[in-house]
Amino acid sequence: MNAQTATRLPLPAGLRSARVVAGVAVVALLAAMALDTTVVKIGSENDVRSAGFSPEQFARREFPKVKESIESRAVPATTLAAAIEADKAAAGQEYGVPASIGSIFPVSFTGVAGEGSSGIHTVAVEGLPNDLVIRVQTGPAINGTALRDSTGAYSFGDFTNQIEYQNAGAALNEEMKREVLSQVDISDLEGETVSVTGVFQLINPQNWLVTPVGLEVQ
């Protein structure tokens, strides 16, 4: 018997059975792996690269809640100005949310927009004291953390560190720009009648810097 003839001999029954069993096991394993496999879209919440804190995802999720809260609590500017002038502390307790420097107030008003400068427009509102200046942040740069701190729902302890806490505030500002300011021709506001809903931190009672969550041209 030569080598060529030997290779053609049938395999023993036991060996053939072992090979069949092994093949079946491999197929079963591959099937189980397929059933247990989840397709993850890049950038989705299941993407492992997004496992850490994402300011953008935070803002997209939370800005609608912040906006709704501010709009539901907004106080007419004339009412709020009178309350602050009478008693700042009492006004803060009734209408505001405590913050490190001064209370943050939700406010609404309609007035005539002035000339824009450094991303800010003044708005002249009838019925307010002559020495009260209302300014509205219109971008492109939106500064401060008034949106983040306007509801009292987010505190430093909710985040891993100061960087995340600051990034959350900045991301809310950016989301507001995308959702609100992008719908308005900011470059042509001067002289237009605008209706604004937003928040400001009471630092100077005669100068309110409002971050809007709603801005409409009449």
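Residues numbered from 1 in each chain as written. Predicted model: local features only at pLDDT ≥ 70, side-chain atom pairs only at ≥ 80, totals over all residues. Heavy atoms only, no water.

### A closer look at the packing of helix H3 (residues 55-73) against helix H7 (residues 162-179)
Step number 1: One can describe the packing of H3 onto H7 by two numbers: an axis separation of 8 Å at closest approach and a directional angle of 60°. In terms of orientation, H3 lies oblique with respect to H7. Viewed along their axes, H3 and H7 form a crossing whose handedness is right-handed. Contacts from Pro55, Glu56, Phe58, Ala59, Arg60, Glu62 and Phe63 in H3 reach Asn167, Ala168, Ala171, Leu172, Glu175, Met176, Arg178 and Glu179 in H7.
Step number 2: The class makeup of the residues in the contact of H3 with H7 is 8 nonpolar, 1 polar and 6 charged. (Axes fitted to C-alpha atoms, helices over the stretch in contact; angles between N-to-C directions. Helix = DSSP H or I, 4+ residues; strand = E, 2+ residues; numbered from the N terminus. Parallel < 35°, antiparallel > 145°, perpendicular 65-115°, else oblique. Left-handed = near helix turned anticlockwise from the far one by under 90°. Contact = heavy atoms within 4.5 Å. Nonpolar A, V, L, I, M, F, W, Y, C, P; charged D, E, K, R; others polar.)

### Some details on the packing of aromatic side chains
Step number 1: This structure, assessed with the given rule, holds 8 aromatic pairs.
Step number 2: With a centroid separation of 5.7 Å and an interplanar angle of 75°, the aromatic rings of Phe156 and Tyr165 are classed as edge-to-face.
Step number 3: Ring pairing ties together the aromatic residues Phe53, Phe58, Tyr154, Phe156, Phe159 and Tyr165, which thus form one cluster.
Step number 4: Sitting over the ring of Tyr165, Arg148 keeps its end group 3.6 Å from the ring centre. (Phe/Tyr/Trp six-rings, centres within 6.5 Å; stacked < 30°, edge-to-face > 60°. Lys NZ or Arg CZ within 6 Å of the ring centre and 35° of its normal.)

### Describing empty space enclosed by the protein
Step number 1: A full pass over the atoms with the stated rule returns 1 cavity of 30 Å³ or more.
Step number 2: In this model, the largest cavity occupies a volume close to 30 Å³.
Step number 3: Together, Ala113, His121, Val123, Val136, Thr138, Leu189, Val194, Val196 and Leu215 line the largest cavity. (1 Å grid on protein atoms, 1.4 Å probe; cavity = no way out; pocket = protein on both sides within 12 Å on 5 of 7 lines; lining within 4 Å. Points joined across faces, edges and corners; volume = space filled by probe spheres on them.)

### Points about the layout of surface pockets
Step number 1: The space that makes up the largest pocket amounts to roughly 350 Å³.
Step number 2: What lines the largest pocket is a set of 19 residues, among which Asn143, Gly144, Gln201, Ile203 and Leu209 lie closest to the centre.
Step number 3: Going through the elements one at a time, strand S4 (133-137), helix H6 (146-149) and strand S6 (207-217) are the ones with two or more residues in the lining of the largest pocket.
Step number 4: It is S6 that provides the largest number of residues to the lining of the largest pocket, a total of 3 residues.

### Remarks on unusual backbone geometry
Step number 1: With omega at 15°, the peptide bond leading from Gly139 into Pro140 counts as cis.
Step number 2: Relative to the assigned elements, Pro140 resides in the loop between S4 and H6.

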